[in-house]
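Summary of the model geometry
As a plain string of letters, each chain reads:
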Amino acid sequence: FVKLSCAYGNFVDNLRLYVRGGGGGMGLPRLGGQGGNGGDVWVVAKKNMTLKRIKDKYPLKRFVGGSGGNSSVRALKGEKGTDVEVPAPVGIAVTTDDGRIVGDLNEEGDRVLVAKGGSGGSLYSAFEPTKGQAKHIRLDLKLIADLGLVGFPNAGKSSLLTALSNATPQVASYAFTTLRPEIGKVMYPDYKQISIADLPGLIEGAYMNKGMGHKFLKHVERTKQLLFVVDVCGFQLASKTPFRSAFEAVQLLSKELELYKEEVASKPAILVVNKMDLPDAEDKLAELKEQLKNPEEFSDLLPGDMIPKNYMTFRHVVPVSAMTGLGIDHLKSCIRQSLDEEATLKSMAALKQRDKLQSSTVC
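Small disclaimer: the values here were computed from a predicted structure and weren't measured.

Scoring rules and cut-offs
Residues numbered from 1 in each chain as written. Predicted model: local features only at pLDDT ≥ 70, side-chain atom pairs only at ≥ 80, totals over all residues. Heavy atoms only, no water. Helix = DSSP H or I, 4+ residues; strand = E, 2+ residues; numbered from the N terminus. Buried < 20%, exposed > 50% of the residue type's maximum accessible area, 1.4 Å probe, protein only. Contact = heavy atoms within 4.5 Å. Areas by Shrake-Rupley, 256 points an atom, 1.4 Å probe, with all protein chains shown as cover. Polar contact = N/O pair within 3.5 Å; in protein donor to acceptor, adjacent residues only side chain to side chain. Patch = residues over 30% accessible without salt bridge, like charges linked within 9 Å, V, L, I, M, F, W, Y side chains within 5 Å. Salt bridge = Lys/Arg side-chain N within 4 Å of Asp/Glu carboxyl O. Expected span 1.5 Å × (residues − 1). Arc of directions from axis to C-beta. Pairing = 2+ DSSP bridges. Axes fitted to C-alpha atoms, helices over the stretch in contact; angles between N-to-C directions. Core = buried A, V, L, I, M, F, W, Y, C linked by side-chain atoms within 4.5 Å.

1. Describing the overall build of the protein chain
Broken down by element type, the protein chain carries 5 helices and 16 strands. Buried residues in the protein chain amount to 49% of all 363 residues. Put simply, 74% of the contacts in the protein chain that link residues at least 6 apart link residues at least 24 apart. Within the structure as shown, the protein chain displays about 18100 Å² of accessible surface, and the carbon and sulfur contribution to it stands at 52%.

Here it is, written out as structure tokens:
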């Protein structure tokens, strides 16, 4: 197999924010007036939102509710402070810094209260208002699996999932989706388990619809890494569509991800070249490897509007036959290695960030 370096992208799967409810308004003792309550801070699930978009749009990552109005002769009851909404993608778990779950956003419009505004001054508080709640929260993209299978019809994704997980894939139903991803568990000798999701309808027909299949692609965001699966001998979606080689299939799949969200196409990926039991498979594999080394030279094979901006760089290119079991054990070890490498890089980045924060505090 060929091991290629991986370009790390800018996919964001968790975000830490500071939230504070607005302070309450002052009461008016001589007339018994009550101050308005401070505004609350909510996290709300919005369509087409990503964590990266929040990070870019709100670089300070601070959300503060409006202050409650003071009681006055004109208005004995002070006005409530303005509520603030933090837009977030669907499929988010909202947690505290210590990992306690505050709430989940499973569907568009779901809301979670993260910081309550302070109470307005009243008779019960000697007309003194209270401050709003202040805390750090985390928005975590809920993963449905460690890896997501990406491939056109007949690439053998389901057969591969069965071969990898050595069992009939479990069918898991998730509250946030109408689809039912099939989840297979890969068990290792040291009892480590890795989950792989075959997402039905994920990319099927997306190319023919010129990207209209993107409503399925949101599930790709909920996997740590991607497992591209292509038929070594190529494929033809329908009698009226052109035949596509394995190289073209890889690029068309890359383009579909890119059209959906460029950051999704930047996830770490492994390429599985399936159906190595077919005649001429070795020659076709050699050709594919050559094309992947210099994809720009072969871009004329693709329709102009389907050439990816950035060609996918795969951590591993692994030939297998889901039918005969050829290469399956090697693929399992590549998957494990890729996930372990990413986990190490993430923990190193987190340590680096912590050291940076500590040194800036000392300064």
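Moving on from the model shown.
2. A short note on the environment of Lys 52
Along the polypeptide, Lys 52 turns up in helix H1 (residues 51–57). Within polar-contact distance, the side chain of Lys 52 engages the side chain of Asp 56 at 2.8 Å.

3. Thoughts on unusual backbone geometry
Look at Lys 275: it is not a glycine, yet its phi comes out positive at around 65 degrees. With respect to the secondary-structure elements, Lys 275 resides in the loop between strand E15 (269–274) and helix H4 (281–293). Of the residues examined, Lys 275 reaches a relative accessible area of 24% and is grouped as partly exposed. With a phi angle near 65 degrees, Asp 280 is a residue other than glycine that sits in the positive phi range. Tracing the backbone shows Asp 280 in the loop between E15 and H4. A relative accessible area of 53% places Asp 280 in the exposed class.

4. Structural notes on a nonpolar patch on the surface
Together, Leu 31, Val 73 and Leu 76 make up a nonpolar patch on the protein surface, roughly 270 Å² of accessible area in all. Counting through the fold element by element, Leu 76 comes out in the loop between strand E4 (62–64) and strand E5 (84–88). Judged by its relative accessible area of 38%, Leu 76 falls in the partly exposed class.

5. With respect to the side chain of Ser 338
Within the element layout of this structure, Ser 338 appears in helix H5 (residues 328–362). Taking the relative accessible area as the measure of exposure, Ser 338 reaches 0% and is therefore buried. Sequence-distant contacts of Ser 338, defined by excluding residues within four places in its chain, comprise Gln 225, Ile 270 and Arg 315.

6. What to know about H4
Between its first and last C-alpha, H4 extends 19 Å over 13 residues, near the 18 Å set by a 1.5 Å rise per residue. By the burial criterion, the buried members of H4 are Ala 281, Leu 285, Leu 288, Gln 291 and Leu 292. What you see down the axis of H4 is that its buried residues fit within an arc of 125 degrees, all on one side. More than 90 degrees from the buried face of H4, the exposed residues found are Glu 282, Asp 283 and Lys 293. Those residues of H4 that are buried lie in contact with helix H3 (246–260), E15 and strand E16 (316–319).

7. Some thoughts on the sheet that holds strand E2 (residues 14–20)
By way of backbone hydrogen bonds, the strands of a sheet pair with one another, either parallel or antiparallel. One open sheet accounts for 5 strands, arranged E4-E2-E9-E6-E7; its pairing is mixed. The sheet is open, and its two edges are formed by E4 and strand E7 (101–105), each paired on a single side. Each strand of the sheet is rotated relative to its neighbour by a mean of 25 degrees, with strand direction disregarded.

8. Some details on H3
Taking 1.5 Å per residue as the helical rise, H3 with its 15 residues ought to reach 21 Å, and the 22 Å between its terminal C-alpha atoms agrees with that figure. Most of H3 is tucked away: 14 of the 15 residues are buried.

9. Examining the pattern of salt bridges
Proximity of charged atoms lets side chains of opposite charge pair with each other. Counting across every chain of the model gives 15 salt bridges. The partner of Glu 85 in a salt bridge is Arg 111, and the shortest N-O contact between them spans 2.8 Å. You can see Glu 85 sitting in strand E5 and its partner Arg 111 sitting in strand E8 (residues 111–115), a full 26 residues away along the chain. The class of Glu 85 is partly exposed, set by a relative accessible area of 37%.

10. Topic: the nonpolar core
If you look at the biggest cluster of nonpolar residues, it comprises 32 residues, and the most contacted ones within it are Phe 228, Leu 257, Leu 271, Val 273, Leu 292 and Phe 314. Sequence-distant contacts of Leu 292, that is, excluding residues within four places in its chain, are made with Phe 247, Val 250, Gln 251, Leu 271, Phe 314 and Val 317. Among the nonpolar cores identified, the runner-up in size contains 23 residues, and Leu 164, Val 186, Ile 196 and Val 318 belong to it.

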